[in-house]
Amino acid sequence: MSKKSFAFTLAEVLITLGIIGVVAAMTIPTLIANTNGAKYRSQFKKTLSTLNQSVRMATAQADVDFASVNLACVNAGGGPGATAQTLENSLTMCAIFNSTLAGSKFNLNGLKDKNGATYFSVVKRQALPSLGGYLTYSLADGSLIGFSLIATKCDLPIGTILDSTWIESNKKCVGFIDVNGISLPNKEVSCSDGTDTKFEPDKPCIVKNDANHMTDIFPIVFHNGVVEPATNASKYVLSTAK
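Quick caveat, the model's predicted, so the values are computed rather than measured.

Chemist: Go over the overall build of the chain, please, and point to the residues and values.
Modeler: Counting its regular elements, the chain contains five helices and eight strands. Listed by position from the N terminus, the elements making up the chain come as α-α-β-α-β-β-α-β-β-β-β-β-α. Counting only residues that meet the buried cut, the chain has 42% of its 242 residues in that class. In the chain, the proportion of contacts linking residues at least 24 apart, taken out of those at least 6 apart, comes to 69%.

Chemist: Quick one: what's the story with the sheet that holds strand E7 (residues 217–223), residue by residue and with numbers?
Modeler: What the six strands build is an open sheet, ordered E1-E2-E3-E4-E7-E8; its pairing is antiparallel. Single-partner strands in this sheet number two, and they are strand E1 (105–107) and strand E8 (226–229). Across the sheet, the mean angle separating the axes of adjacent strands is 30° when strand polarity is ignored. As judged from the four bridges shared by E7 and E8, these two strands associate in the antiparallel manner. By the bridge assignment, Phe222 is partnered in E8 with Val227.

Chemist: Explain the state of the cysteines to me, and be specific about the residues and the numbers.
Modeler: The full count for this structure, using the stated rule, is three disulfides. Each sulfur of the disulfide joining Cys191 and Cys205 lies 1.9 Å from the other. Taking the sign of the S-S torsion, -105° for the link of Cys191 and Cys205, the bridge is left-handed. Placement of the pair is Cys191 in the loop between strand E4 (174–178) and strand E5 (193–194) and Cys205 in strand E6 (residues 205–206), with a sequence separation of 14 residues. Cysteine pairing for the chain, with bonded cysteines counted in sequence order: 1-2, 3-4, 5-6.

Chemist: Hey, could you go over the environment of Glu88 for me, with residue numbers and the actual values?
Modeler: Following the sequence through the fold, Glu88 ends up in the loop between helix H1 (10–62) and helix H2 (93–100). Judged by relative accessible area, Glu88 falls into the exposed class, the value being 80%. It is 8.8 Å that separates the C-alpha atoms of Glu88 and Ser99, two residues lying 11 residues apart in sequence.

Chemist: Summarise empty space enclosed by the protein; cite the residues concerned and give the values.
Modeler: Left-over empty space is what a probe sized like a water molecule reveals as it rolls over the atoms. Throughout the structure, instances matching the rule amount to one cavity of 30 Å³ or more. What the largest cavity holds in volume is close to 80 Å³. Forming the boundary of the largest cavity are 15 residues, of which Val69, Met93, Ser148, Ile150 and Thr152 lie nearest the centre. Per-class residue counts for the lining of the largest cavity are 11 nonpolar, three polar and one charged.

Chemist: Which residues make up the pattern of salt bridges, and what values go with them?
Modeler: Two side chains bearing opposite charge may form a pair once their charged atoms approach each other closely. As enumerated under the stated definition, the model contains two salt bridges in all. The partner of Asp141 in a salt bridge is Lys46, with the nearest N and O atoms 3.6 Å apart. You can see Asp141 sitting in the loop between strand E2 (134–138) and strand E3 (144–148) and its partner Lys46 sitting in helix H1, a full 95 residues away along the chain. Notably, a salt bridge pairs Lys171 with Glu168, separated by 3.1 Å at the nearest N-O pair. On the basis of relative accessibility, which here comes to 42%, the residue Lys171 falls in the partly exposed class.

Chemist: For the pairing of E3, give the residues involved together with the corresponding values.
Modeler: Counting buried positions along E3 yields five of five residues, so the element is predominantly enclosed. The sheet contact formed by E2 and E3 spans five bridges and is antiparallel. Of the residues in E3, the one forming a bridge with Thr136 is Gly146. Here E2 folds back onto E3 in antiparallel fashion, the turn holding five residues, of which Gly142 has a positive phi close to 100°. Sheet topology places E3 next to E4; three bridges connect them, and they run antiparallel. Note that in E4 the partner of Leu144 across the bridge is Asp178.

Calculation criteria
- Residues numbered from 1 in each chain as written.
- Predicted model: local features only at pLDDT ≥ 70, side-chain atom pairs only at ≥ 80, totals over all residues.
- Heavy atoms only, no water.
- Helix = DSSP H or I, 4+ residues; strand = E, 2+ residues; numbered from the N terminus.
- Buried < 20%, exposed > 50% of the residue type's maximum accessible area, 1.4 Å probe, protein only.
- Contact = heavy atoms within 4.5 Å.
- Pairing = 2+ DSSP bridges.
- Axes fitted to C-alpha atoms, helices over the stretch in contact; angles between N-to-C directions.
- Disulfide = S-S within 2.5 Å.
- 1 Å grid on protein atoms, 1.4 Å probe; cavity = no way out; pocket = protein on both sides within 12 Å on 5 of 7 lines; lining within 4 Å.
- Points joined across faces, edges and corners; volume = space filled by probe spheres on them.
- Nonpolar A, V, L, I, M, F, W, Y, C, P; charged D, E, K, R; others polar.
- Salt bridge = Lys/Arg side-chain N within 4 Å of Asp/Glu carboxyl O.

Dropping the structure here:
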């Protein structure tokens, strides 16, 4: 009696594995980009909401907002530094956050990545101004807030439209959110289609979920009692679900 074999041959197995490998190589990068994009997007929205809640709380507690700031963070009011500042002893950006955000801390000496490089030196930016005079504030969830050390009143007059003209004249009011801290890519989000180097609401912008455009740093602008996107790319990410 003869026996029939129903097993796959070695050639058939190798061909199947090769096809699976090709499909995986084509789809996994897209899957990773979509996953990271969704994570960056949701964290940006969460952090922006947290910052807006903090300034609303400062306004309710002490009638203070970003238009009230008149001192620099470091050693303002004769204190030992940003970590000691509250709305009770100084009128700074640091005091606003210290008084309203729990489990967070400032870094005055410059963050460093795992290779020892200073964080600001590796940030890839387009619309953001020079980061040399910036201070970082680390939230409890690991995201970073960056803003200027220079004291300035970020006051957008009633009736004035927030646009590139106002932002260009008030660069010290521009900051950023890095949604995953010092971890890579440390790159400013950018438009895959459209204009992203300035905040121009009448110009189109689309940010695709790819590693070159949907990244981890989002420019923001502080003014009055609000924190808003400072570029078209940041605004697009905030206003879209995916």
